[in-house]
Structures are given as structure tokens and as C-alpha cells.
Amino acid sequence: MSPPTVDKFLGEIAGIVREKNGVKLQQYLKYEPPLEPLYNQMISEIRQVYGASSQDALEKKCKSFIPEYEEGDEGGSRSSFITFMVKYFSFLRDLDVSNLVETHDQLKALLNQCILALGAFSMGLMILPTIISLSQTLARLAIGLDKRLDLTEHLNRRESTVGGEEAVERVTLVESSANVIREAFKKCLSERSGNLSGINDNGKPEGRRIGIYLTANLCLKLFFHCRKLRSAEQIFGNIYQQSPPLGLFPASQRVTFLYYLGRYLFANSHFYRAQLALQSAYDQCHIQCISQRRLILIYLISSNIILGRFPSFQLLQRPEAAGLSEKFGPLCTAIAKGDIASFRRYLDIDSENIEWFLSKRIFLQLSNRCEVLVWRSLARRTFLLSGSQGDAMNKKAPTLALQDMLSLAILLEKNALNPNAGAPSAPMNGQASTRPPHTNSIFMFPRATTPPPVANGYIDPDLTDVVDPEPPVLPTMEIIESIVASLLEQDLLHGFISHSSHRFAITGAKNASPLQVGFPRVWDVLSARADKEVPGWVREEKKGPTFGGKFGSGMVVNLSGARPAGAAPA
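Residue numbering note: each chain is counted from 1, following its sequence as written. Local features in this predicted model are restricted to residues of pLDDT 70 or higher, and side-chain atom pairs are both shown and tallied only at a pLDDT of 80 or more, whereas totals for entire chains, interfaces and linings draw on every residue. Hydrogens and waters are ignored; side-chain quantities use all the structure's heavy atoms.

### Things to note about the overall build of the protein chain
Here comes step 1: Within the protein chain, the regular secondary structure consists of 23 helices and 5 strands.
Here comes step 2: The classification of residues rests on relative accessible area computed with a 1.4 Å probe and restricted to protein chains. Under 20% of the type maximum is buried, over 50% is exposed, and intermediate values are partly exposed. When the 570 residues of the protein chain are sorted by exposure, 45% land in the buried category.
Here comes step 3: For the area figures, the Shrake-Rupley method with a 1.4 Å probe applies, and any residue is considered shielded solely by the protein chains shown. Carbon and sulfur atoms provide 53% of the accessible area of the protein chain, an area that totals close to 29,700 Å². Secondary structure elements are defined from DSSP: runs of H or I of at least 4 residues count as helices, runs of E of at least 2 residues count as strands, and each element is numbered from the N terminus.

Listed below in C-alpha cells is the structure:
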């Protein structure tokens, strides 16, 4: 006897396929528990009639309702969709929510078959909403499982060999899920139907292209979760070359994409480009999306601090900025004052806020890049306290005695190494900073000449010749001169160094304030030389021979039919 619920369900699916109603198809193909009673009845019938050994019978049943070819269709076979329907019924039949790892593998196989149907000319656009739904569920399940080490510990033995036996790269559960969704992204991006520009007469993305950023954002979410930025880079590169302009897509897709693009650029030290993408994402994000705006704001503030722009009081009073003043405020204060001791204590590995900075993956960038700004502020503060303003009438340039800067630096370094010795503020967690006094201190401190005492009469053979370094030395005039020279090279100071008199002289201050000339604003310097083009962000329609415009860089030209050089035309 034929199962009635299955027959009715297949009949309705066949009608939806004829109507080419993708949204309705996605609504019918339910798979997440808890399911409605009608679906539970259908699952019961499938288990009774179409067991694991009856796949051929199940496929025949699907073909009886959904023929591979139908008169009047636009062309193309439906065989991949029929196979997907068989997979769908098998998924419902074998679903065991108590085994989430197996459920993840089954859902990934179901999505993979659905993506194959996406490539069919007659089925592609109609099945796209179902692919998006399956992808969202797979991404959510993969991230949830990644947090359950008790369920995924055995998966650590699954490894993928890259480049032969010499290189081995482990593919995690999250990355494997992202790789499946990336196939859907590729099919959406490589859509060739309709206009070559990918834009219809109404100025909207055409065909499967409407899924470009939906699938890309899901891939980026997973790649960032498993820290595979190289894979994320491929997504941005493909979009930059082939996608229609980002502005043609819905606001939610634009904001999400620009957020991940900004984070990627921030992680790769392109801070000006990162703030451009993040600022646009923040401006377009709805004011009621507090959590999303907060995520964007964290990286936007971090990028701007590195570029010399601090968050305003008004910005930090917004709902999405709650608590950020306590995180970034002390850092900005230390940079503005040139207080190297407070700066290093605040970003010390033992500080109370270190876990937050590490969890947001902004600690290294702030720690390394902001120290340059601290030294610039220290030089500026020293000039305000003891610098010579010069005499334009006697052609005497404003100068700063590097010895004065050295004295301040030594005092601050002592405070950083021993906060209790005259420091105005208490150390974090009541502990002295363990941070070295300079980024390159490992190259400046001499090694000890005697080995350390033997503990319990035993030293590991690998550590026999290892000796501890001497205690950190305080700054010297050579160090201060090298720091000032570095600031001059970066255009953060304007002038020159007199090594004989150990002074920094400001040039070009005849008709202007020495402070403004000698210490230009960091933001003005960095933004003036920054590249305003943001790779990965398609702001306007691509121009080239295939789009009816002028040939330019980045275009791919098919030369398969070109004549050899010098050959006569046929």
C-alpha cells in the first residue's frame, strides 16, 4: 500500500516545482525538530515502507511525482533535485537528535546535494531559499558543536593532507561546513544568465546572484570562528572581481559583509581601510540592532585609536557603547599623555582587562601599534614642558633637548618595572608588570655569563646551555635617538636630529606654531598617505569590455580563439 502522507507531500512539492515558487518550497521542506504532527506521520510512513535498504524504491516514488523532464520546462534535468528529495526523506528517516555529530554530517550531505541541484538551469533560482535555510542551520550547528569538546574530541583525528606528506593541515568541523557552503557561494557568483553585468532592468541583482552575499556572509562567519583568514581572503578576492556592487543588496547583507571585511583588514594591519569598511557598516546598521552595532563599534574604535583618533564622549554614551569607556578610556589617556608606564601596565598580560582584549582579538594590534603613538606624545609633552620655542628673527629653530626626553623616559620606565616606586597609580591585580621596557628588548639586553642555579640537582638536557637574561636596562640616549628617528621616518615628527648636541629641531615653523608643525596630527599624516581603495568592497559597477566599458586592470580575457602572433586571418 502506498503511504498516503508521503504521496500527498510529493504531490504538493510537484505543484510547487511547476510554479517555481522557491519561498514556498523552502517552507514545505522542514527538517528542524520539533516538527508538526503531519511531518511526524510522514516520517513514520517512510520508516515503515522505505527503510535504509529501499533507497531505489524511494527514488522511484519521487520520480513518479517529479519527472526528470517536463514539456514546457525551460530546459535542463531535474535529476539532481530528485536525488535531493531522496536525501531529504532519508535525512528525516535517520534523524537522531541525541547524536549531534552524526546529525551534522547528515545535514552537510543534504546541503551538498541541494547545492548540486542549484547548478541545474531549471532548478537553480527556485532552490536557493532552501540552500540558505540549510546553510544557516548547518552554520549554527557547527559552531554549537565546536563549543562542545566532549562531543567533537574524536574528530581531531580527522586530518587533511595538503601538498603531499610534508605538509599536514587539520580541517576542523567548522571549516568543513564552511567549505560546503562555499560551493553554493561559487555557484551564485558564477551565474551567467541574464545581463553580463549581473544587474536586471530594475537595478537589482539577477538570477542566482541574489545569494552571493547571503552565502558569503555565512562562510565568513565560520571562517572567522575557526580563524581561517586565508580562506576568508579568497571570498573577498572572488567578490571583488565578479560581484555586482554591494549597494544593490539589502542593508543586512551589506552591514554583515562590511563588518567581516573590516575585521579581516584589521587583522592584517590595514587599519585605514578597516575603519572605512567598519564606519560604513556602523552607519548603515539599524539603530535598534544594539548588539550588532556594538560588535562593529569595538573594531571601529580600535582601528581609529591606532590611527590617532579617539572616541568622543558623545559616542561612548550611546547604548551600544555601554562599558567601552572603561575598556578604551585608560588606553587613550595613556597615549595622549605619553605615559609609557600606564600604557604598559594597562596592556600587561597580568592586567584585569587582558582577557577581554584577547577575546576580541585586538590586543596585539593595540599593544604593538599604539606604543609608537605613546612615544610621540612623550616627545610632544617634553617639548611643552622644556622645549625651546626658537627665534624666527635670529633664524633659531625651535628645539627639544633629547636629554629631557630621556629623563622622563627613565622615570616612566622605572615606574613600569616597579609600580610601587613612585608610581602615581597602583599596579593591575597588585602585581608588578612583567612586560619588557621596549618592543625589541630581546635584542638589546646582554645575556648572563653564568648559568642559573641547578634546581634539585637536575637540568633538562635541552636546557643545559640556556641562561637567563640580565635585568632590563633603562633607556639610553642611543635608544631615544633611534625612537625619535623612527618617528621622523614615519612623518609623525617634522624636523631633524642633531646628534652632536642631542637635540631635535623643528623646521618650517617660521610663520606657524612649532607645536603644530613639529608634531602633526597622527590622523592627518596616516590618512593622507593611505590608499582609499578597499579591496573586496565593490562600490560601483565594474567597467570593462564585457560590460560595455573601457578595458582595465583586473579583467579576465578569454584568448582560446586568438590567432598566434603573425598568423594571417582565416
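### As for the pattern of salt bridges
Here comes step 1: For this analysis, a salt bridge means a side-chain nitrogen from Lys or Arg found within 4 Å of a carboxyl oxygen belonging to Asp or Glu. Going through the model one piece at a time under the given rule, you end up with 16 salt bridges.
Here comes step 2: Where Lys30 meets Glu36, a salt bridge forms, and the shortest distance between an N and an O atom there is 2.6 Å.
Here comes step 3: Residue class for Lys30 comes out partly exposed when judged on its relative accessible area of 30%.
Here comes step 4: Overlapping salt bridges, with partners in common, bring together Arg344, Glu371 and Glu413 in one network.

### Description of the environment of Leu417
Here comes step 1: Note that Leu417 resides in helix α20 (residues 402–417).
Here comes step 2: The sequence separation of Leu417 and Arg344 amounts to 73 residues, and the corresponding C-alpha distance is 9.5 Å.

### Remarks on the packing of aromatic side chains
Here comes step 1: Each aromatic pair joins two rings of Phe, Tyr and Trp (for Trp, the six-membered one) with centres within 6.5 Å, and gets the label stacked for planes under 30 degrees apart, edge-to-face for over 60, and tilted for any other angle. This structure, assessed with the given rule, holds 22 aromatic pairs.
Here comes step 2: Centre to centre, the rings of Phe266 and Phe271 are 5.4 Å apart; their planes meet at 75 degrees, and the pair counts as edge-to-face.
Here comes step 3: An angle of 70 degrees between the planes, with centres 6.2 Å apart, marks the rings of Phe504 and Phe519 as edge-to-face. Of the two residues, Phe504 is situated in strand β5 (residues 503–506) and Phe519 in the loop between α22 (514–518) and α23 (522–529); the sequence distance between them amounts to 15 residues. Pair check on accessibility: Phe504 and Phe519 agree, each one buried.

### Regarding the nonpolar core
Here comes step 1: The biggest cluster of nonpolar side chains holds 162 residues, and the ones touching the most others in it are Ile13, Phe81, Met85, Tyr88, Phe89, Phe328 and Leu366.
Here comes step 2: In terms of residues, this core owes the most to one element, helix α7 (residues 124–146), which gives 12 residues.
Here comes step 3: Should any heavy atoms of two residues lie within 4.5 Å, those residues are considered in contact. Beyond its immediate stretch of four places on either side in the chain, Phe89 contacts Phe9, Leu10, Met42, Ile46, Leu58 and Cys62. To qualify as a nonpolar core, a set must consist of buried Ala, Val, Leu, Ile, Met, Phe, Trp, Tyr and Cys residues joined through side-chain atoms within 4.5 Å.

### A word on unusual backbone geometry
Here comes step 1: Pro34 follows Pro33 through a cis peptide bond whose omega is 0 degrees.
Here comes step 2: Counting through the fold element by element, Pro34 comes out in the loop between α2 (22–28) and α3 (37–49).
Here comes step 3: Within the chain, Lys20 stands out as a residue other than glycine whose phi angle is a positive 55 degrees.
Here comes step 4: Here Lys20 falls in the partly exposed class, since its relative accessible area comes to 35%.
Here comes step 5: Even without a glycine there, the phi angle at Ser269 is positive, about 70 degrees.
Here comes step 6: With respect to the secondary-structure elements, Ser269 resides in the loop between α12 (251–267) and α13 (271–284).
Here comes step 7: With a relative accessible area of 34%, Ser269 lands in the partly exposed category.

### Some points on α13
Here comes step 1: With 14 residues, α13 extends 20 Å from end C-alpha to end C-alpha; this agrees with the ideal 20 Å at 1.5 Å per step.
Here comes step 2: Of all 14 residues making up α13, 10 are buried, and the element is well covered by its neighbours.
Here comes step 3: The inward-facing, buried residues of α13 contact α12, α14 (290–306), α15 (313–316), α19 (363–386) and α23. A helix is expected to span 1.5 Å multiplied by its residue count minus one.

### Considerations on the pairing of strand β4 (residues 495–498)
Here comes step 1: Two strands pair under a simple rule: DSSP has to find at least two bridges between them. Strand direction decides the pairing type here: β4 and β5, joined by 4 bridges, are antiparallel. Looking at the pairing, Gly495 lines up with Ile506 of β5.
Here comes step 2: Between the end of β4 and the start of β5, which pair antiparallel, lie 4 residues, with His502 showing a positive phi angle near 55 degrees.

### Re the pairing of β5
Here comes step 1: Two elements, strand β3 (residues 399–401) and β5, share 3 bridges in a ladder whose sense is antiparallel. Pairing of Thr399 across the sheet is with Ala505, part of β5.

### Looking at the side chain of Glu371
Here comes step 1: For Glu371, the location among the structural elements is in helix α19.
Here comes step 2: Within the structure, Glu371 has its side chain in polar contact with the side chain of Arg344 (distance 2.7 Å). Two N or O atoms form a polar contact when they lie within 3.5 Å of each other; inside protein one atom must be a possible hydrogen donor and the other a possible acceptor, and for residues adjacent in sequence the pair counts only when both atoms belong to side chains.

### Some words on the packing of helix α1 (residues 4–19) against α3
Here comes step 1: All axes here are fitted lines through C-alpha atoms, helices being fitted over the stretch that makes contact, and every angle between N-to-C directions spans 0 to 180 degrees. Where α1 contacts α3, the axes come no closer than 8 Å and their chain directions differ by 115 degrees. Seen along the crossing, α1 lies across α3 with a hand that is left-handed. For the pair formed by α1 and α3, the contact residues are Pro4, Thr5, Val6 and Phe9 on the first element and Leu38, Tyr39, Gln41, Met42, Glu45 and Ile46 on the second.
Here comes step 2: Looking at the contact of α1 with α3 residue by residue, the class counts come to 7 nonpolar, 2 polar and 1 charged. Take the far helix as your reference; a near helix turned counterclockwise from it by less than a right angle gives a left-handed crossing, and one turned clockwise gives a right-handed crossing. For this classification, the nonpolar set comprises Ala, Val, Leu, Ile, Met, Phe, Trp, Tyr, Cys and Pro, the charged set comprises Asp, Glu, Lys and Arg, and every other residue, Gly included, is treated as polar.

### Observations regarding the confidence of the model for the protein chain
Reading predicted coordinates in detail is not appropriate for stretches of low pLDDT.
Here comes step 1: Values of pLDDT, which run from 0 to 100, indicate the predictor's confidence residue by residue. For the protein chain, the mean per-residue pLDDT works out to 85, and 82% of the residues sit at or above 70.
Here comes step 2: Every residue in residues 544–561 is under pLDDT 50, and counting partners more than four places away or in other chains gives 17 contacts.

### Remarks on helix α9 (residues 173–189)
Here comes step 1: Taking 1.5 Å as the rise per residue, α9 with 17 residues should run 24 Å; its terminal C-alpha atoms sit 25 Å apart, in good agreement.
Here comes step 2: The element α9 is extensively covered by neighbouring structure, given that 13 of its 17 residues are classed as buried.

### Some thoughts on the sheet that holds β3
Here comes step 1: Read across the sheet, 3 strands follow the order β3-β5-β4 without closing on themselves; strand pairing throughout is antiparallel. Among the strands making up the open sheet, the edge pair consists of β3 and β4. Within the sheet, the average angular offset between the axes of one strand and its neighbour, ignoring direction, is 20 degrees.
Here comes step 2: Sitting on the sheet, α20 is in contact with β3, β4 and β5, with an inclination near 45 degrees to β3.
Here comes step 3: Along the sheet, helix α21 (residues 477–489) makes contact with β4 and β5, crossing β4 at roughly 160 degrees.

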